[in-house]
Amino acid sequence: MLHADPELDALLNAVAPRIPKWATVCIVSEKEGKPEFQWHDYQETGTRTDFWPASTIKLYTAIAALERIKEHGFTLDTTIQFEHQDKDGTWHLDCARTMREMLSEVFRRSSNEDYTLLLRVCGVDWLNSSFLTPGRGFQKSALMRGYVKERPWVYMREEPQRLRLSSADGTRTHTLDHHWLGHSWSQERGCTVIDVKTGNMTTPRDLAECLRRLMFHAQIPESERFKLSQEEVDFLVHGGLGFTGLETQHADSAPNAWKSALETLFPKARFYHKCGIINDYSLEVACLDDRANGGPCFILVPIMQAGSATKPVSGGALTGQMSLAIGQWVKKQHP
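Residues numbered from 1 in each chain as written. Predicted model: local features only at pLDDT ≥ 70, side-chain atom pairs only at ≥ 80, totals over all residues. Heavy atoms only, no water.

Trainee: What exactly am I supposed to notice about the packing of aromatic side chains here?
Mentor: Centre distance and the angle of the planes are the two values used to describe a pair of aromatic rings. Tallying each qualifying case throughout the model produces 11 aromatic pairs. Residues tyrosine 60 and phenylalanine 138 carry aromatic rings whose centres are separated by 4.8 Å and whose planes lie at 70° to one another, so their mutual orientation is edge-to-face. Of this pair, tyrosine 60 sits in helix H2 (residues 58-70) while phenylalanine 138 sits in the loop between helix H5 (124-131) and strand E6 (161-166); the two residues are 78 residues apart in sequence, bridging distant segments of the chain. Each member of the pair, tyrosine 60 together with phenylalanine 138, is buried. Linked through ring pairs, Tyr60, Phe131, Phe138 and Phe226 together constitute an aromatic cluster. One Lys or Arg, arginine 172, reaches over the ring of phenylalanine 74 and ends 4.3 Å from the middle of that ring. (Phe/Tyr/Trp six-rings, centres within 6.5 Å; stacked < 30°, edge-to-face > 60°. Helix = DSSP H or I, 4+ residues; strand = E, 2+ residues; numbered from the N terminus. Buried < 20%, exposed > 50% of the residue type's maximum accessible area, 1.4 Å probe, protein only. Lys NZ or Arg CZ within 6 Å of the ring centre and 35° of its normal.)

The structure is reproduced here in structure tokens:
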């Protein structure tokens with residue numbers, strides 16, 4: 001259920017008041033041992049798509065790529081060999097990566113190369129027709145482009161793709177081919193930023209809902225869960241075996257909502273996040289869980305039309321200020 005809160009709106013209005021902002025907050029409570037979710041959208045921006053999602057959507061491809069290989073009986077310990085086909089029909093080997101490496105690097109340092117490879121694992125047609133759908137929790141999202149243009153990582157949609165999946169012990173292999181059929185999923189769903197035909201798009205609510213389904217996988221109805229095992233969900237959330245998941249405060253992951261912001265209010269909380277920033281947009285999808293210390297648990301998606309090129313205060317710092325305002329509002333309701 002959606003709730004409007006004038007106090008939250010006022011607190012966010014006060015942050016860089018002349019700069020456009022978007023935000024969604026989901027407060028998690030518990031009733032009879034089950035989580036309950038209360039949604040708040042800042043000035044009805046939760047369903048808008050008129051911003052660039054930057055690297056936050058790497059979370060989508062991480063989950064989707066795991067689901068994609070699982071369809072064929074493969075796991076986190078799979079190695080994937082990437083190939084593309086030239087116009088003359090020749091197949092070229094690009095590179096090989098393990099799933100754990102790609103997922104970890106997306107979270108640890110927001111790797112554009114590994115995000116693009118994960119997009120190649122999915123293929124834009126399968127990703128948009130089978131994963132980014134309302135039934136899976138994505139009301140208005142579409143992904144069409146990778147974030148690198150260089151070989152061996154680049155995903156040129158017009159090139160047929162071949163993936164060779166290998167199990168960790170080498171006893172099982174599978175070849176998966178896909179070829180974009182030319183449909184613009186972003187244009188169909190109303191993309192307006194960067195490029196209407198090949199842009200990436202989502203909403204604050206879709207980002208928050210994706211994180212909600214991941215963070216509370218074991219506690220939500222089975223119909224809402226991603227098609228992942230608990231082990232796979234735990235890896236995405238916590239990492240492990242030297243790999244990084246969403247739970248990180250590593251400097252490379254740019255936790256703008258945490259540093260000098262939410263950590264000042266909830267210093268012992270556990271923090272999970274995926275940030276995104278370009279020249280003129282900055283945003284974050286995050287979950288703060290302070291329940292072990294008697295505090296609140298909430299998901300937040302602060303977005304600012306200000307980025308790495310914004311002066312005198314960068315967009316990352318401004319989304320930190322938005323996060324602080326959200327945290328103050330949540331803390332007031334959960335003293």
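Past the structure itself, the notes keep going.
Trainee: What exactly am I supposed to notice about helix H1 (residues 6-13) here?
Mentor: Owing to its 3.6 residues per turn, the α-helix aligns residues three or four sequence positions apart on the same side. Residues of H1 that are buried: Leu8, Asp9 and Leu12. Projection of H1 onto a plane perpendicular to its axis shows the buried side chains occupying an angular sector of 100°, all on one side. Of the surrounding secondary structure, the elements contacted by the buried residues of H1 are strand E2 (21-31), strand E3 (34-41) and helix H10 (315-333). Here H1 starts with a cap whose side-chain oxygen sits 2.9 Å from the backbone nitrogen of glutamate 7, and that cap is aspartate 5. (Arc of directions from axis to C-beta. Contact = heavy atoms within 4.5 Å. Polar contact = N/O pair within 3.5 Å; in protein donor to acceptor, adjacent residues only side chain to side chain.)

Trainee: Mind showing me how you'd approach the state of the cysteines here?
Mentor: A covalent bond bridging the sulfur atoms of two cysteines is what the word disulfide describes. Inspection of every chain in the model, using the stated rule, returns 0 disulfides. Of all cysteine sulfurs in the structure, the one in cysteine 297 sits closest to cysteine 287, which takes part in no disulfide; the separation is 4.1 Å. (Disulfide = S-S within 2.5 Å.)

Trainee: When you look at the pairing of E2 in this model, what are you seeing that I'm missing?
Mentor: In the case of a regular strand, side chains alternate between the two sheet surfaces. Burial analysis of E2 places 8 of its 11 residues in the buried class, which makes it a mostly covered element. Where E2 and strand E10 (residues 297-304) come together, 8 bridges link them in antiparallel fashion. Following the sheet pairing, threonine 24 is matched in E10 by valine 301. Pairing analysis gives 8 bridges linking E2 to E3, with the strands arranged antiparallel. Paired with threonine 24 across the two strands is aspartate 41, which belongs to E3. (Pairing = 2+ DSSP bridges.)

Purely geometric numbers; function is a separate question.
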